[in-house]
Amino acid sequence: MSAPLLLELREVSKDFDLESSWIKRLFVARRKFRAVDRVSLTIAQGEVVGLVGESGSGKTSVAQMILRLHDVSSGTIHYRGEDIAHQSGRALQPFRQRVQMVFQDSQSALNPRKTIRQTMLETLRMRHGRATDLEGRAIELLATTGLGPETLARYPHALSGGQRQRVGIARALAMDPEFIVADEPVSSLDVSLQAQIINLLKSLRTERGLTMLFISHDLALVNHLCDRVAVMYSGRIVEIGLPEDVLRDSAHPYTKALIAAVPRGIRGRRASVLASGTRALAEGVGCAFAARCPNAMAICQQTSPELAPLSASHKAACHLVNLP
Amino acid sequence: MIPARPPEGAQHHSVQREGMPSSPETLLQVDKLRVAFPLGSSLADAVSDVSFSIGKGEAVGLLGESGSGKSMTALAIMGLIPPTGRIVGGSIVFDGRNLLAMPEEEMRSVRGSKISIVFQDPLSALNPSLRIGQQLIHIIRAHGRESIQEAQRRALEVLDLVGLPDPTRVMKSYAHELSGGMRQRALIGMAIACRPQLLIADEPTTALDVTIQAQIVDLFRQLRRELDLTLIFITHNLDLMAEICDRAIVMYGGTIVESGVVEDLFSRPQHPYTNMLIDCLPRLDDLHRELTLIPGMPPALGAIAAGCPFEPRCPRTIDRCRAVRPALESRFGHMVACWGSPV
């Protein structure tokens, strides 16, 4: 890939404290939950990377650390070569302008007591100060996302889910970002609206050269939008590669199970359904997926597999693929 | 009226269908149902002229976008239309009795015991301040004469049936202590606790992960097989519907635009809307295909003109579409309401 690197996560981990009492947190051994475990990921300029996994796999925590909504527990995050994980306050401001987020629940992401005009102008003022034609700019942005100027006068509750999601995207664009983190932006929408939003994101990407981290649990969506796909399980990236690699030539049993779970209509029914798994709270030994894995071997209980290259573009963390 | 089973439906693909009745006896017959809401000084139809019938043991999918009238049709069957709405016309005959003519007292004994519903969002459908067991026992005792001990035993049975591990623990849990998938299982358990004949599932998997969705779909198939349930499965996802249902009804703007055996609908969709619903779904097996867009939005309540409700968004309109609303007619063994020529 020749495009310059925009974002680089190196061995990023996130631990959450399980102890609610601060006295215990200070003086007693802390019980911790490792939500993200040594994740390394690079995103080149103009690239769209999909992050997939079930609820609780740590994908949202990764996004929140990239946006500095959470601090990292260990590891570094470099954005354009600068370590943003250990900056704070004013130093982060230029970064915060360049990186924007589109949320899953557009209803709670918009202020219910503000009209779309107020919401849009507030954001635009942050970007442009008191420049004259902010309203014209707001109309332009809404038009990019397929909304008419009449939307400005509406309150969020008067819009449909798809319209609200478009406002969420328009608001993110108001900051002229170069990188957008979209956390399940379509999972609460109808299929017809999903297609509209996905095509919108695609066109924004070609027209504005946006770089994107697209978080989803829907592999079919990721297949349509992304240049690269990373699959997370239990806080770790278990497989990463081009969509062709990960979705058509998947190596990790978890990826295979995710693929099998996608509804296929009349074109045939999946073979098996993955059993529910409970996630160990303690830092366990062995592969986190072993308990649910149909191909688990003795070694899987003992050592945790590391990401190993399968080809130039494809990596997986599984003892099965690392066998000689 | 929709023919219960067109002759073409005999040929099935690789998908195995369980619980197919050989000669379906009608369980539910909806005839010219019209549900309206006041809009300004007039009434606007949320459901207009909807007729279909469902045989015992059948699984029928009700498809369409938000606002297509699919959930409203289901609520009308349950007798749960929001207070501002009104059933203006038609009849809903369930097991030989017209539900619309039934006094509320009697309807209450049908609802939850003979017909029950599973809602989309289990967190808001479950009572947050009662344990799962209390809610289940309450439902069982409200519809029967069981003692508390008997109801408790039944509750445990039901939770086990819906595949919840450690039912005793789940009985003592509050909704917030369960995961999304477990909550949905518990909710399905409550819906089947009184052994209903008809189960309506209103987008039961939309809020769930794909893996959990697959489990819930399997659960519905298993329940259908084991309890001889008749199922109405409401969704906007055609692929998902096809995994469970024998027959599908596609709704748009409060009317039925196409209906028939699932395999027929997929292989020969006649209505442009059905076709677009199939094509707008992203699929794993095609690389970089542009998703087909259904331009525009579904019509707002009261905004439907005299002609075909889909006309403003349709890529294949002719003059007639604007003026006259097409009626359902038979085409290749399924029913379609479209003026366009057969494809």
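Everything here concerns the structure above.
Okay, so let's go over this structure.

Criteria and cut-off values
Residues numbered from 1 in each chain as written. Chains lettered and ligands numbered in written order. Predicted model: local features only at pLDDT ≥ 70, side-chain atom pairs only at ≥ 80, totals over all residues. Helix = DSSP H or I, 4+ residues; strand = E, 2+ residues; numbered from the N terminus. Rg over C-alpha atoms; globule rule 2.2 N^0.38 Å. Buried ≥ 20, exposed ≤ 12 C-beta atoms within 10 Å, placed from the backbone. Contact = placed C-beta atoms within 7 Å. Pairing = 2+ DSSP bridges. Nonpolar A, V, L, I, M, F, W, Y, C, P; charged D, E, K, R; others polar. Right-handed = clockwise from strand over helix to strand, strands pointing away.

Within chain B one finds 12 helices and 12 strands. Relative to its length of 343 residues, chain B is compact, with a C-alpha radius of gyration of 20 Å against a globular reference of 20 Å. In terms of its C-alpha atoms, chain B occupies a principal-axis envelope of roughly 65 × 50 × 40 Å. Per-residue burial for chain B yields a buried fraction of 48% across its 343 residues. Look at the contacts in chain B between residues 6 or more apart in sequence, and 66% of them connect residues 24 or more apart.

Moving on: the sheet that holds strand E10 (residues 236-241) of chain A. The pairing of strands in a sheet comes from backbone hydrogen bonds and takes either a parallel or an antiparallel form. All names here are of chain A. Taken in spatial order, the eight strands line up as E6-E7-E8-E3-E9-E10-E12-E11 in an open sheet, and their pairing is mixed. Lying at the two open borders of the sheet, with one neighbouring strand each, are strand E6 (99-102) and strand E11 (308-309). Across four bridges, the pairing between strand E3 (residues 48-52) and strand E9 (residues 228-233) is parallel. If you follow Val52 over to E9, its bridge partner there is Val231.

Before going further, it helps to examine the interface of chain A and chain B. Note: interface size is frequently given as the accessible area lost on complex formation between the parts. At the junction of the two partners, chain A supplies 33 residues and chain B supplies 35 residues. Those elements giving two or more residues to the side of chain A that touches chain B turn out to be helix H8 (191-208), helix H9 (219-225) and helix H11 (253-261) of chain A. With six residues, H8(A) is the largest single contributor of residues to the side of chain A that touches chain B. Residues belonging to the side of chain A that touches chain B are distributed by class as follows: 16 nonpolar, 11 polar and six charged.

Turning to helix H11 (residues 272-279) of chain B, a few remarks are in order. Of all the residues in H11(B), the buried ones are Pro272(B), Tyr273(B), Thr274(B), Met276(B) and Leu277(B). Residues of H11(B) that are buried sit in contact with H8 of chain A together with strand E3 (59-63), helix H9 (238-244), strand E9 (247-252), strand E10 (255-261) and helix H10 (262-267) of chain B.

All names here are of chain B. Of all six residues in strand E8 (residues 230-235), six are buried, a share of seventy percent or more. Here E3 pairs with E8 via five bridges, running parallel. Looking at the pairing, Ala59 lines up with Leu231 of E8. Across five bridges, strand E7 (residues 198-202) lies against E8 in parallel orientation. Opposite Asp202, over in E8, you have Ile234 as the bridge partner. One crossover worth recording links E7 to the parallel E8 by way of helix H8 (residues 210-227), and it is right-handed.

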